[in-house]
Amino acid sequence: MAIELQWTDSNNNIQHICFRGAWTLNEYYEAMKHSREMASAIDHTYVAIYDFTNTTGIPPNFLSTGRYAEANLHKASINVIVGTGRFLQMMMDMFNRLYPAALPNMQVCQTLGEAYGVAREAIKLAESSH
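Keep in mind that what you see is a predicted model, and the values were worked out from it rather than measured. (Residues numbered from 1 in each chain as written. Predicted model: local features only at pLDDT ≥ 70, side-chain atom pairs only at ≥ 80, totals over all residues. Heavy atoms only, no water.)

### Considering the nonpolar core
Here's step 1: Within the largest apolar cluster, 32 residues are counted, with the highest numbers of intra-cluster contacts made by Ile-3, Phe-19, Trp-23, Tyr-28, Tyr-50, Phe-62 and Phe-95.
Here's step 2: When contributions to this core are tallied by element, the ones reaching two or more residues are β1 (3-7), β2 (14-21), α1 (25-40), β3 (46-55), β4 (76-82) and α3 (86-98).
Here's step 3: Looking at which element gives the most residues to this core, the answer is α1, with six residues. (Core = buried A, V, L, I, M, F, W, Y, C linked by side-chain atoms within 4.5 Å. Buried < 20%, exposed > 50% of the residue type's maximum accessible area, 1.4 Å probe, protein only. Helix = DSSP H or I, 4+ residues; strand = E, 2+ residues; numbered from the N terminus.)

As structure tokens, this is what we get:
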């Protein structure tokens, strides 16, 4: 599958959504449905990392997914976008401006290591506020 999902820790605090090669909007919709199903099994907030480091780009009409994303929100406390090239960075900025509720608290990181650092800090903050 071109989009793979997994929890990266035993507490299900970080959901890693990895986009590989070329992927389609249908694969995206299926992956987001699976992501929400995974999240529905936990009773706490989590961080979603959208990893684009190994993708060849985004499908045509990707911006059209914004309404779907807003209507099917995740309960992630932070959405971290990683590995975006300049074009994808501009597309994600435009996506976020058009559909601000789709990816609340979006942060962009250049490396996966940086993304996991942001995720760990968000988890610590969430745990300390309980």
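Additional details are given in the paragraphs that follow.
### Notes on α1
Here's step 1: With 16 residues, α1 extends 23 Å between its outermost C-alpha atoms, agreeing within 8% with the 22 Å of an ideal straight helix rising 1.5 Å per residue.
Here's step 2: Every buried residue belonging to α1 is among Leu-25, Tyr-28, Ala-31, Met-32, Ser-35, Met-38 and Ala-39, and all of these are buried. Here the buried residues of α1 occupy an arc of 135 degrees about the axis, which is enough to place them on one side. Of the residues in α1, the exposed ones pointing more than 90 degrees away from the buried face are Asn-26 and Ser-40.
Here's step 3: At its buried positions, α1 is contacted by β1, β2, β3 and α2 (66-71). (Expected span 1.5 Å × (residues − 1). Arc of directions from axis to C-beta. Contact = heavy atoms within 4.5 Å.)

### Thoughts on helix α4 (residues 112-128)
Here's step 1: Here α4 spans 24 Å end to end across 17 residues, near enough to the 24 Å set by a 1.5 Å rise per residue.
Here's step 2: Along α4, the residues classified as buried are Ala-115, Tyr-116, Val-118, Ala-119, Ala-122, Ile-123 and Ala-126. One side of α4 holds all its buried residues, which, seen down the axis, span an arc of 160 degrees. Looking at α4, the residues exposed on the side facing more than 90 degrees away from the buried face are Gly-113, Lys-124, Leu-125 and Ser-128.

### A short note on the pattern of salt bridges
Here's step 1: Counted according to the given criterion, the structure contains two salt bridges.
Here's step 2: For Arg-20, the salt bridge goes to Glu-4, with nearest N and O atoms at 3.4 Å. With Arg-20 in strand β2 and Glu-4 in strand β1, this pair connects stretches of sequence that are 16 residues apart.
Here's step 3: A relative accessible area of 37% means that Arg-20 is categorised as partly exposed.
Here's step 4: Put simply, Lys-124 and Glu-121 hold a salt bridge, and the shortest N to O gap is 3.6 Å. On the criterion of helical spacing, the pair formed by Lys-124 and Glu-121 is a turn pair, its members being three residues apart in helix α4.
Here's step 5: The class of Lys-124 is exposed, set by a relative accessible area of 52%. (Salt bridge = Lys/Arg side-chain N within 4 Å of Asp/Glu carboxyl O.)

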